[in-house]
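Overview (structure and organization)
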Amino acid sequence: MYRPKPSDATIGRLAMSNQLLRVNGISAGTEDKPILHDVSLEVGSGETHVLMGPNGAGKSTLGHVIMGDPAYQVTDGTIVFDGTDITEQSADKRSLAGIFLSYQAPVEVPGVPLYSYLRTITQKRPELKMTARKFRNRVGEIAEQLDMGSSFLTRELNVGFSGGEKKKIEMLQLLLLRPKLAILDETDSGLDVDALSVVSRGIEAYRKDCDGALLVITHNTRILERLTVDRTHVMVQGRLVAEGPGSLIDDIDAHGFEQFEKASAGGEA
Amino acid sequence: MAENSTATLSRVNTPPAQTWNYLRTNDITLQVPSISRKGDVYFALPRLFEGIECGMGRQVTDWVESQAKDAHYVEVRAGEKREEPIVATMDTGVMVRAGAEATVVVCTGGGEDSESADEGEAPDTSAQPVTSASLVRIWAERDARVHVLEFVAADDDRQHLESVGIVAGDRARVDVRQFFLGARTTAAGLACSLDGANARFDLSCRYLGAGEERLDINHVVRMRGKNGRANVSESGVLDGHARKALRATIDLVHGSSGSEGTELENVLVLSDDVTNKTMPVILCDEDDVAGNHGATIGSVGPEQIGYLANRGLALEEIEALYVRALFDEAVLAAPTSAIRATVLARAATVLGEEVARDLVEGLGLDGTATEED
């Protein structure tokens, strides 16, 4: 694996931080297709990590596997979150433990207004329990922060919303739930400049207000412009092939993924 | 002196076109109380209302008229925008004159404080449920706007019949929101005739069937004028041993060229013991029209379960969320605090006191009935 030497500052930050997520030698896939091969990754509390790679590399799969998506089966390895082995835990328990996965294409849920949904998922978390009145005010504040009108709340969850609106709703949930780790799966895909700006603001607010860790899955760099990245990971064909500091992103921006794909192909040969 | 007996309303709530009898979807037969009103002076609605087709059919109209103490007639003058909702009694007729706007509310609850049309209640001498009924006929003249809100939020000891008939003139706009949230039997029929050109009708029906409850719904839209628009949307949750039959008909009558009607049902079935029957029908006797219908029936989809689980909800909590969502919507739609209280009383029975309290506080509403209501 290509590992540029991390800067002293990064080393210092990592040394001081507490380990939040440890993915240890994970292999996983669907019933008939292995996708991830021996993937290991560590994320400390409050850190920002970026997972990059060409299309079809398995980046989103890793995000879903960390979240506990039953569509994927883990065949080897372990996932430890906040000191607990969660490899066998269901997605809802992982969520309550503090992991949040923002969807690339948020699912439409007809029959459930956004308000009912937000209230229910918040009430599930003892640390976030609040009176209905306070909750309404809190949602209002976040909605304002994300340039969302209050009429969103009575609409069905993600039904009939534009791509940008759906991503804003993901950000609204992120800021409301205040998870310890947020995995943002291609949150920037399909967004126009304005929507991207609002979403970036949401991510910034999460980092600032919640001091949560971020694992940003992306294959372009625009959404990273406002973030201070601690570590960058590159995935090719289900394997992590490179790891480095935030500056690795500039290298990828300039030269693309070809170097990593070639290295990966060479390694396999 | 009034003598109480029982009558049978045989094969009522029928659609314009029927299907095989063995499917047992065409109609419902109900045992209802019959109170003799011999000698009573009864004020009927103007003759014009006799011609309005009501969803549950003539037999139910005749029975309600025979049981109601009086008919309640309201006229909204041309061009007037009436802010105060018109609360329906057992037999109500509303005339909304040209360019006027009005809201008509029908609400049946379980308690004495609810605004239900209970004049026809029979004494509960056996295991027979208490019966209540509402008959509402609305005439919307040209350019009128009418909003209809229906709430049935009763307990398991009640059988409720609700029959609504609407006629819409040129460019009239009618929207109806129905919330059927509980009763041992809810039999509801609604017929809307878009007589005028460019008239529009929107119906949203939300229902919950749980335990041993029975829901029998009949929606009929007659599209008679040119360029009419009708959107009918039904969605609900069925659990326990609930039985539901929905008949939804869009009838594109000769002369309705340029009209478009759509009917869509979305049912969430949470138990294997539920009986769910749906009968969507498009009748067409005109060229250049469009009629669409669709239905989604099943449990919560795997994509939805995955998404909601990722936000911390287990399967049973996901199912409860769908039920809560129904009540949230109903509470928000309730136009008076008395109706809100009726809905909340039902919510407390279904979801528990804590959730019911949360509903009203979270939506920033008052959940108690006031004298002004």
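Everything numeric in this text was worked out from a predicted model, so none of it was measured. Think of each chain on its own: its residues are numbered from 1, step by step along the sequence as written. Chains and ligands are labelled by the order in which they are written, letters from A for the one and numbers from 1 for the other. Given that this is a predicted model, residues contribute local features only at a pLDDT of at least 70 and side-chain atom pairs are listed and counted only at 80 or more, while totals for whole chains, interfaces and linings are drawn from all residues.

**What about the overall build of chain A?**
We apply this condition: Starting at the N terminus, helices and strands are each numbered in turn, a helix being any DSSP run of H or I of at least four residues and a strand any DSSP run of E of at least two. Radius of gyration here uses only the C-alpha atoms, and the compact-globule reference equals 2.2 Å multiplied by the residue count raised to the power 0.38. Counting other C-beta atoms within 10 Å of a residue's C-beta gives its exposure: the residue is buried at 20 or more, exposed at 12 or fewer, and partly exposed in between, where C-beta atoms are placed from the backbone. Two residues qualify as a contact pair if the distance between their C-beta atoms, derived from the backbone, is within 7 Å.
Along its length, chain A carries 9 helices and 12 strands. Here chain A has a C-alpha radius of gyration of 18 Å; the compact-globule value for 269 residues is 18 Å, and the two agree. The principal-axis extent of the C-alpha atoms belonging to chain A is close to 60 × 40 × 35 Å. Residue burial in chain A is summarised as follows: out of 269 residues, 44% are buried. Taking all contacts inside chain A whose residues are at least 6 apart in sequence as the whole, residues at least 24 apart take part in 74%.

**Observations regarding the sheet that holds strand β16 (residues 260–269) of chain B**
Residue and element names in this part refer to chain B. What counts, and what does not: Two strands form a pair only when DSSP identifies at least two bridges running between them.
With parallel pairing, the 8 strands of this open sheet are ordered in space as β4-β6-β8-β10-β12-β14-β16-β18. Edge positions in the sheet fall to β4 (86–87) and β18 (290–298), since each has one partner strand and no second. The sheet contact formed by strand β12 (residues 200–209) and strand β14 (residues 229–238) spans 10 bridges and is parallel. Paired with L203 across the strands is V232, a residue of β14.

**A word on the nonpolar core**
Residue and element names in this part refer to chain B. Convention followed: Each nonpolar core consists of buried Ala, Val, Leu, Ile, Met, Phe, Trp, Tyr and Cys residues. Their C-beta atoms, within 7 Å, join them into a set. Domain start and end points were adopted from an automatic or database domain assignment.
V96, A140 and V343 are the most contacted members of the largest nonpolar core, which has 189 residues in total. In terms of residues, this core owes the most to one element, helix α3 (residues 315–333), which gives 10 residues. Domain assignment of the residues forming this core places at least three in each of domain 1 (4–299) and domain 2 (301–373). The residues touching A140, leaving out its near neighbours within four places in the chain, are V96, V146, I166, V167, A168, G169, A172 and V174.

**Points about the domain arrangement of chain B**
Bring the parts together and some accessible area is lost; that lost area is often taken as the interface size. All names here are of chain B. Stated formally: When residues are sorted by character, Ala, Val, Leu, Ile, Met, Phe, Trp, Tyr, Cys and Pro go into the nonpolar class, Asp, Glu, Lys and Arg into the charged class, and all the rest, Gly among them, into the polar class.
For chain B, the domain assignment lists domain 1 (4–299) and domain 2 (301–373). Using C-alpha coordinates to define each centre, domain 1 is positioned 24 Å away from domain 2. Between domain 1 and domain 2, the residue contacts involve 24 residues of the former and 20 residues of the latter. Of the residues that constitute the side of domain 1 that touches domain 2, the class distribution is 13 nonpolar, 6 polar and 5 charged.

**Considerations on helix α8 (residues 248–255) of chain A**
Every α-helix carries 3.6 residues per turn, so stepping three or four residues along brings you back to the same face. Residues and elements named next belong to chain A. Counted only if it meets this: By construction, the arc corresponds to the directions joining the helix axis to the C-beta atoms.
Here α8 has its buried residues at L248, I249 and I252. Projected onto a plane normal to the axis of α8, the buried residues spread over an arc of 105° and lie on a single side. What points out from α8, more than 90 degrees from its buried face, is the exposed set D250, A254 and H255. Check the buried side of α8 and you find it contacts β3 (48–52), β11 (231–236) and β12 (239–244). Looking one or two places after α8, you find G256, whose phi comes out positive at around 75°.

**Some details on the packing of helix α4 (residues 114–123) of chain A against α3(B)**
What counts is decided by this rule: Only the contacting stretch of a helix is used when fitting its axis, a line to C-alpha atoms as for every element, and angles between N-to-C directions run 0 to 180 degrees. Angular relationships are summarised with four words: roughly parallel below 35 degrees, roughly antiparallel beyond 145, roughly perpendicular across 65 to 115, and oblique for the angles in between. Note on convention: near helix rotated counterclockwise from far helix by under a right angle means a left-handed crossing. Clockwise means right-handed.
Packing of α4(A) against α3(B) leaves a shortest axis separation of 9 Å and a crossing angle of 130°. What the angle tells us is that α4(A) and α3(B) run oblique. The chirality of how α4(A) crosses α3(B) is right-handed. Counting all contacts with α4(A), which are made through A:Y115, A:S116, A:Y117 and A:T120, the residues of α3(B) involved are B:L321, B:R324, B:A325 and B:D328. Per-class residue counts for the contact of α4(A) with α3(B) are 4 nonpolar, 2 polar and 2 charged.

**A word on the confidence of the model for chain A**
Heads up, the rule is: Confidence of the prediction at every residue is given by pLDDT, a number between 0 and 100.
For chain A, the mean per-residue pLDDT works out to 88, and 92% of the residues sit at or above 70. Residue range residues 3–15 of chain A is modelled with pLDDT below 50. Its contacts to residues more than four positions away, or to other chains, number 13 contacts.

**Points about the interface of chain A and chain B**
Opposite the 30 residues of chain A that make contact, chain B presents 24 residues. Top contributing element to the side of chain A that touches chain B by residue count: α4(A), with 6 residues. For the side of chain A that touches chain B, the residue count by class is 15 nonpolar, 8 polar and 7 charged.

**Considering the pairing of strand β15 (residues 243–252) of chain B**
Residue and element names in this part refer to chain B. For β15, the buried fraction is high: 9 of the 10 residues fall into the buried class. Alignment of strand β13 (residues 214–223) against β15, held across 10 bridges, turns out to be parallel. Paired with R214 across the two strands is R243, which belongs to β15. In the sheet, β15 pairs with strand β17 (residues 275–284) via 10 bridges, with the strands oriented parallel. Bridging from a neighbouring strand, L246 pairs with T278 of β17.

**Digging into helix α7 (residues 193–210) of chain A**
All names here are of chain A. How we decide: Helix span, expected: 1.5 Å multiplied by one less than the number of residues in the helix.
Given a rise of 1.5 Å per residue, 18 residues ought to cover 26 Å, and the 25 Å separating the end C-alpha atoms of α7 matches this to within 8%. Listed in full, the buried residues belonging to α7 are V199, S200, G202, I203 and Y206. Seen end-on, α7 carries its buried residues on one side only, within an arc spanning 155°. Projecting away from the buried face of α7 at angles above 90 degrees are the exposed residues V193, D194, E204, K208 and D209. In the core, the buried residues of α7 are packed alongside α6 (163–177) and β9 (181–185).

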